[in-house]
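# Residue-level structural notes
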Amino acid sequence: MKCCKAIYNDMVIIDHVYVADTFFERLRGLTFKKKLSDNEGLLIAPCRQIHSYGMRFIFDAVFISNSGEILHIIENMNLCKVSPYIKNCSKVLEIKAGTVSRYKIETGNSISFKE
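Throughout what follows, the structure given in this document is the object of discussion. Every chain is numbered on its own, with residues counted from 1 as its sequence reads. Whole-chain, interface and lining totals are the exception, using all residues; otherwise, since this is a predicted model, local features are given only for residues with pLDDT of at least 70 and side-chain atom pairs are given and counted only at 80 or more. Here the side-chain values reflect all heavy atoms present in the structure, with hydrogen atoms and water set aside.

### With respect to the overall build of the chain
- The helix count covers DSSP runs of H or I at least four residues long, the strand count covers runs of E at least two residues long, and both are numbered beginning at the N terminus. A tally of helices and strands in the chain yields two helices and seven strands.
- Going from N to C terminus, the chain has its helices and strands arranged as β-β-α-β-β-β-β-α-β.
- For the radius of gyration, the atoms used are the C-alpha atoms, and the globule rule reads 2.2 Å times the number of residues raised to 0.38. Taken over C-alpha atoms, the radius of gyration comes to 13 Å for the chain, in line with the 13 Å a tight globule of 115 residues would show.
- Based on the C-alpha atoms only, the size of the chain along its principal axes is roughly 35 × 30 × 25 Å.
- Burial status across the chain gives 43% buried among its 115 residues.
- Taking the contacts inside the chain whose residues are at least 6 apart along the sequence as the reference set, 63% of them involve residues at least 24 apart.
- About 6500 Å² of surface is accessible on the chain, with carbon and sulfur atoms providing 51% of the total. The cut-offs for exposure are 20% and 50% of the maximum accessible area for each residue type, with area from a 1.4 Å probe on protein chains only; residues under the lower value are buried, those over the upper are exposed, and the others partly exposed. Residues are treated as being in contact if the distance between any of their heavy atoms lies within 4.5 Å. Accessible surface is estimated by sampling points in the Shrake-Rupley manner with a 1.4 Å probe; for residues, cover comes only from the protein chains shown.

### Focus on the sheet that holds strand E3 (residues 40–44)
- The rule for pairing is simple: two strands pair if DSSP sees at least two bridges between them. Pairing in this open sheet of seven strands is mixed, and the strands run E5-E4-E6-E3-E2-E1-E7 from one edge to the other. At either end of the open sheet lies a strand with only one pairing partner, and these are strand E5 (70–77) and strand E7 (111–114). Geometrically, the sheet is characterised by an average inter-axis angle of 30° between neighbouring strands, direction not taken into account.
- Pairing of strand E4 (residues 59–64) with strand E6 (residues 91–96) involves six bridges; the strand directions are antiparallel. Axis lines are fitted to C-alpha atoms, over the contacting stretch for helices. Their N-to-C directions set the angle, which ranges from 0 to 180 degrees.

### Details of the pattern of salt bridges
- The term salt bridge refers to a side-chain nitrogen of Lys or Arg lying within 4 Å of a carboxyl oxygen of Asp or Glu. If you walk through the whole model with that rule in mind, you get five salt bridges.
- Lys 5 is the partner of Asp 15 in a salt bridge, and the nearest nitrogen-oxygen pair spans 3.5 Å. With Asp 15 in strand E2 (residues 11–20) and Lys 5 in strand E1 (residues 2–8), the pair connects residues that are 10 residues apart, well separated along the chain.
- A salt bridge links Arg 102 to Asp 38; the shortest N-O distance between them is 3.8 Å. Linking Arg 102 in helix H2 (residues 99–102) with Asp 38 in the loop between helix H1 (23–28) and E3, this pair joins segments that are 64 residues apart in sequence.
- Salt bridges here are not isolated pairs; linked through shared partners, they connect Asp 38, Lys 96 and Arg 102.

### A word on the pairing of E2
- Direction of pairing for E1 relative to E2: antiparallel, over a ladder of six bridges. Among the inter-strand pairings, Ile 7 is bridged to a residue of E2, identified as Val 12.
- Counted along the chain from E1 to the antiparallel partner E2, the turn is two residues long, and its residue Asn 9 has a positive phi close to 55°.
- The sheet contact formed by E2 and E3 spans five bridges and is parallel. Residue pairing across strands places Ala 20 opposite Ile 44, the latter belonging to E3.

Quick look at the structure:
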């Protein structure tokens, strides 16, 4: 699985963002993971909607457009839930619960990814 860094407000906020861009990687997602560290996340692309069935922990989800604009945020997504369908979304970043709050991530701002 490919890996990159997430950059928000000109600062690297997540060093190890794993990219799930194949059918099987997206299908598996974080389902079998026991936890996420502070510096770890999963970028699912293409993606417009997520679920937390089979997950073992709550997480934050950031829905992002092709241009990097943050369209929607779910903080502390509970287990066994389905997110809303976000029409113009192209990818979703799943990160440790509390990360959105810690970095003051807001809709309308931009996030980028670099190897």
